[in-house]
Amino acid sequence: MSGTVEEPRAVAARVAVEQERTIRRAVTAATIGNVAEWYDFGIYSYLAAIALDRVFFPDAGAWAPVFTLGTFAAAFLVRPLGGFLLGPLGDRIGRTKVLAATVLLMAGATVLLGLVPGYGSIGIAAPLLVLVIRMLQGFSAGGEYTGALTLVAEYAPDRRRGFFGSWLEFGTLIGYTLGAGSCAILVAVLPQDRLVSWGWRLPFLLALPIGLTGIYLRMKLEETPAFRQLMQRSPAMATMALRRAFRILVTKHRTQALIGGGLVVAWNVTNYVLTNYVPTYLTGTLAQHGESGTGETLSTTMQVGVMLAMLTVILFVGRLSDRIGRKPILFTGSSCLVVLGLPSVWLLRHGVPGQLLGLAIMGFTLLCFAAVTPSTLPALFPTFLRYGSLAIIFNVFVSAFAGTAPTVIGVAVTASGNLDWPGYYLIGAGVIGLVSTALLKESAGRPLTGAAPLTSSADLPPPPLSAGGIPLEHPVSEEDR
């Protein structure tokens, strides 16, 4: 190996430059598509304890919320299948085509869900139809989120990847907030009988225009710089067999896969406990066990308030990770889960002030993961495997450990009568997060594996000017004078 130092000009020649407006357009398309995806995916959980348990499981008694959450969990059974098929497809034909298809599928399934007749009209066929549609949504989600992660990471300049990655979770929070907000409005303006008879359908039907907007924006995008570089270097990568790609993942990138899976568990257990289980816990579970719960309107309003607070700071946390690194923020979130997971659940049983504080603790913890993990996970894998690896790892670990958390916790609480189970789950997730973060290599400010260093046109220094103020395309060096 030569001991000579490369000239700055030679190094700079290998740096890829993307137009700032193109980067922002790509991030906007991914974010709005994510809004549509998670609005669609989230409204089911917000309506579960408000109306859906009475519409589809009216005779189930105390187990109706558990069955409703079980239908929610069914989507996670097919998420790995969506990841196994859609992720590697995105590594073959490109990120944007697959992402347009996932939004279309999710929006269509959500509208269909809003049209399903209730149990009183068609009997057992009603929850079975809901189950099938939820599986379609799960299949779509299996390729959506990890594709959006890949798209944003591969478009974002190296030194601002944390900031642009946090926009993706900004869109997720917007989607969840829109879902919770629409449910809160319905509960506030409609009597219970109208809400159960037809009002619950409206949020599902509103998914169509949001989804169409996401589809339009994604169809207008070019492929990412990293994917274009890959196709220029080795077009044959587009024909790699799924079996070979999977073999490379499990033999060459096994450690990265386990680290990524651990971060996914810590992040998503926190997410689904807060957004999917806590609404049922506050409005139904506590009252069933003789504790002080809260009404449906207040519960949803508090959830919206916590998410709005997260929205105000998530971009700042993403930008902070570009300065101090991803690991300090991930350590903070994991430590909070271990130390404050159980106290945050105890607070939920102490009236509205305690519930607000408990939700705020969970929200802050979730923020540490949501702002940083979108820029952390894509850096674990090379370009030719990135979409497929993320799709497989993310969905397998979410489905096995996180998406099922509301159902498992619900069953455990109902069967044992112990209301602390959500806290136990949060502590376990925190331990996994601490171990995964300790093994993680810092990626802030560094180029993605398999891609040239990437910068934005806005980050380039202005060109030198001639004596007459005209930009010089090829400035004359002192040696050439």
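Keep in mind that what you see is a predicted model, and the values were worked out from it rather than measured.

K.L.:
How would you summarise the overall build of the protein chain if you had to cite specific residues and measurements?
P.N.:
Across its full length, the protein chain holds 20 helices and two strands. Relative to a compact globule of 481 residues, whose C-alpha radius of gyration would be 23 Å, the protein chain shows 24 Å and is just as compact. Principal axes of the C-alpha set define a box for the protein chain whose edges measure 90 × 50 × 45 Å. When the 481 residues of the protein chain are sorted by exposure, 57% land in the buried category. Within the protein chain, residue pairs in contact and separated by at least 24 positions form 85% of the contacts whose partners lie at least 6 positions apart. Working note: accessible area of the protein chain is about 19500 Å², and carbon and sulfur atoms make up 68% of it.

K.L.:
Please set out the side chain of Arg386 residue by residue, giving values where relevant.
P.N.:
Along the chain, the position of Arg386 falls in helix H18 (residues 383–402). A polar side-chain atom of Arg386 sits 2.7 Å from a polar atom in the side chain of Glu154. Not counting the four nearest positions on each side in its chain, Arg386 is found in contact with Asp91, Arg95, Thr150, Glu154, Ala226, Pro378, Phe381, Leu448 and Thr449.

K.L.:
Provide a residue-level description of helix H10 (residues 207–219), including the pertinent values.
P.N.:
With 13 residues, H10 should cover 18 Å at 1.5 Å per step; its first-to-last C-alpha distance of 18 Å lies within 8% of that length. Buried residues of H10: Ala207, Gly211, Gly214, Ile215 and Arg218, and no others. Projected down its long axis, H10 carries its buried residues within an arc of 100 degrees, all on one side.

K.L.:
Hey, could you go over the packing of aromatic side chains for me, with residue numbers and the actual values?
P.N.:
Between two aromatic rings, the relevant description is the distance of the centres plus the angle of the planes. Throughout the structure, instances matching the rule amount to 12 aromatic pairs. Each ring, one from Tyr277 and one from Tyr281, has its centre 5.5 Å from the other, and the planes form 50 degrees; the classification is tilted. Linking Tyr277 with Tyr281, this pair stays in helix H13 (residues 254–288), spanning four residues, or about one helical turn. Across this residue pair, the class does not change: Tyr277 and Tyr281 are buried. With a centroid separation of 5.6 Å and an interplanar angle of 75 degrees, the aromatic rings of Trp421 and Tyr424 are classed as edge-to-face. With Trp421 and Tyr424 both in helix H20 (residues 421–439), this residue pair falls three residues apart, about one helical turn. Given a relative accessible area of 32%, Trp421 falls into the partly exposed group. Looking at Tyr424, the relative accessible area reads 36%, which means it is partly exposed. These aromatic residues form a ring-pair network of at least three members: Phe163, Phe164, Trp167 and Phe170. The ring of Phe163 carries Arg319 above its face, with NZ or CZ at 4.2 Å from the centroid.

K.L.:
Break down the pattern of salt bridges for me, citing the residues and quoting the values.
P.N.:
This structure, assessed with the given rule, holds 13 salt bridges. With its nearest N and O atoms 2.9 Å apart, the salt bridge here joins Glu20 to Arg24. Pair noted here: Glu20 and Arg24 are both in helix H2 (residues 20–56), with a separation of four residues, about one helical turn. Given a relative accessible area of 11%, Glu20 falls into the buried group. The exposure class assigned to Arg24 is partly exposed, which follows from its relative accessible area of 43%. Through salt bridges with shared partners, a single ionic network connects Glu20, Arg24, Arg159, Arg160 and Asp459.

K.L.:
Help me get a handle on the state of the cysteines, residues and values and all.
P.N.:
Using the criterion set out here, one finds zero disulfides in the structure. Cys368 provides the cysteine sulfur closest to Cys336, a residue in no disulfide bond, and the two sulfurs are 5.8 Å apart. Owing to a relative accessible area of 14%, Cys336 belongs among the buried residues under this scheme. Relative accessible area serves as the criterion here: at 5%, Cys368 is assigned to the buried category.

K.L.:
I'd like to hear about the environment of Val317, residue by residue, with values.
P.N.:
Tracing the chain through its elements places Val317 in helix H14 (residues 296–324). Residue Val317 is classed as buried on the basis of its relative accessible area, which comes to 16%. Residues Val317 and Arg24, spaced 293 residues apart in sequence, show a C-alpha to C-alpha distance of 19 Å. Apart from the residues within four sequence positions on either side, Val317 is in contact with Ile329, Leu367 and Ala371.

K.L.:
How would you explain the packing of helix H4 (residues 95–113) against H18 if you had to name every residue and give the values?
P.N.:
Packing of H4 against H18 leaves a shortest axis separation of 12 Å and a crossing angle of 15 degrees. One way to sum up the angle between H4 and H18 is to call them roughly parallel. When the axes of H4 and H18 are compared, the crossing they make is left-handed. Judged by residue contacts, Arg95, Val98 and Leu99 of H4 engage Thr383, Arg386 and Tyr387 from H18. In the contact of H4 with H18, the residues fall into three nonpolar, one polar and two charged.

K.L.:
Any chance you could break down helix H6 (residues 125–155) for me, citing the residues and the numbers?
P.N.:
Helix length check: H6 (31 residues) gives 45 Å between terminal C-alpha atoms against 45 Å at 1.5 Å per residue, within 8%. The largest bend along H6 measures about 30 degrees and falls at Ala141. In terms of residue burial, H6 counts as a mostly covered element, since 23 of its 31 residues are buried.

K.L.:
An account of the environment of Thr414 is needed here, citing residue identities and associated values.
P.N.:
Checked against the element boundaries, Thr414 lands in helix H19 (residues 405–416). The spatial distance from the C-alpha of Thr414 to the C-alpha of Thr285 is 8.2 Å, given a sequence separation of 129 residues. The residues touching Thr414, leaving out its near neighbours within four places in the chain, are Trp63 and Val66. A distance of 2.8 Å separates a polar side-chain atom of Thr414 from the backbone oxygen of Gly410.

K.L.:
Outline the packing of H19 against H20, listing residues and values.
P.N.:
Packed helices, taken two at a time, are described by the angle their axes make and the gap between the axes. Running from N to C, H19 and H20 cross one another at 140 degrees; their axes reach a closest spacing of 9 Å. Comparing the axis directions of H19 and H20 gives the class oblique. Crossing of H19 against H20: the hand is right-handed. Residues Ala405, Val408, Ile409, Ala412, Val413 and Ser416 of H19 lie in contact with H20, whose contacting residues are Trp421, Pro422 and Tyr425. Looking at the contact of H19 with H20, its residues break down into eight nonpolar, one polar and no charged.

Cut-off values and rules
- Residues numbered from 1 in each chain as written.
- Predicted model: local features only at pLDDT ≥ 70, side-chain atom pairs only at ≥ 80, totals over all residues.
- Heavy atoms only, no water.
- Helix = DSSP H or I, 4+ residues; strand = E, 2+ residues; numbered from the N terminus.
- Rg over C-alpha atoms; globule rule 2.2 N^0.38 Å.
- Buried < 20%, exposed > 50% of the residue type's maximum accessible area, 1.4 Å probe, protein only.
- Contact = heavy atoms within 4.5 Å.
- Areas by Shrake-Rupley, 256 points an atom, 1.4 Å probe, with all protein chains shown as cover.
- Polar contact = N/O pair within 3.5 Å; in protein donor to acceptor, adjacent residues only side chain to side chain.
- Expected span 1.5 Å × (residues − 1).
- Arc of directions from axis to C-beta.
- Phe/Tyr/Trp six-rings, centres within 6.5 Å; stacked < 30°, edge-to-face > 60°.
- Lys NZ or Arg CZ within 6 Å of the ring centre and 35° of its normal.
- Salt bridge = Lys/Arg side-chain N within 4 Å of Asp/Glu carboxyl O.
- Disulfide = S-S within 2.5 Å.
- Axes fitted to C-alpha atoms, helices over the stretch in contact; angles between N-to-C directions.
- Parallel < 35°, antiparallel > 145°, perpendicular 65-115°, else oblique.
- Left-handed = near helix turned anticlockwise from the far one by under 90°.
- Nonpolar A, V, L, I, M, F, W, Y, C, P; charged D, E, K, R; others polar.
- Bend = angle between axes of the 7 residues up to and from the residue.

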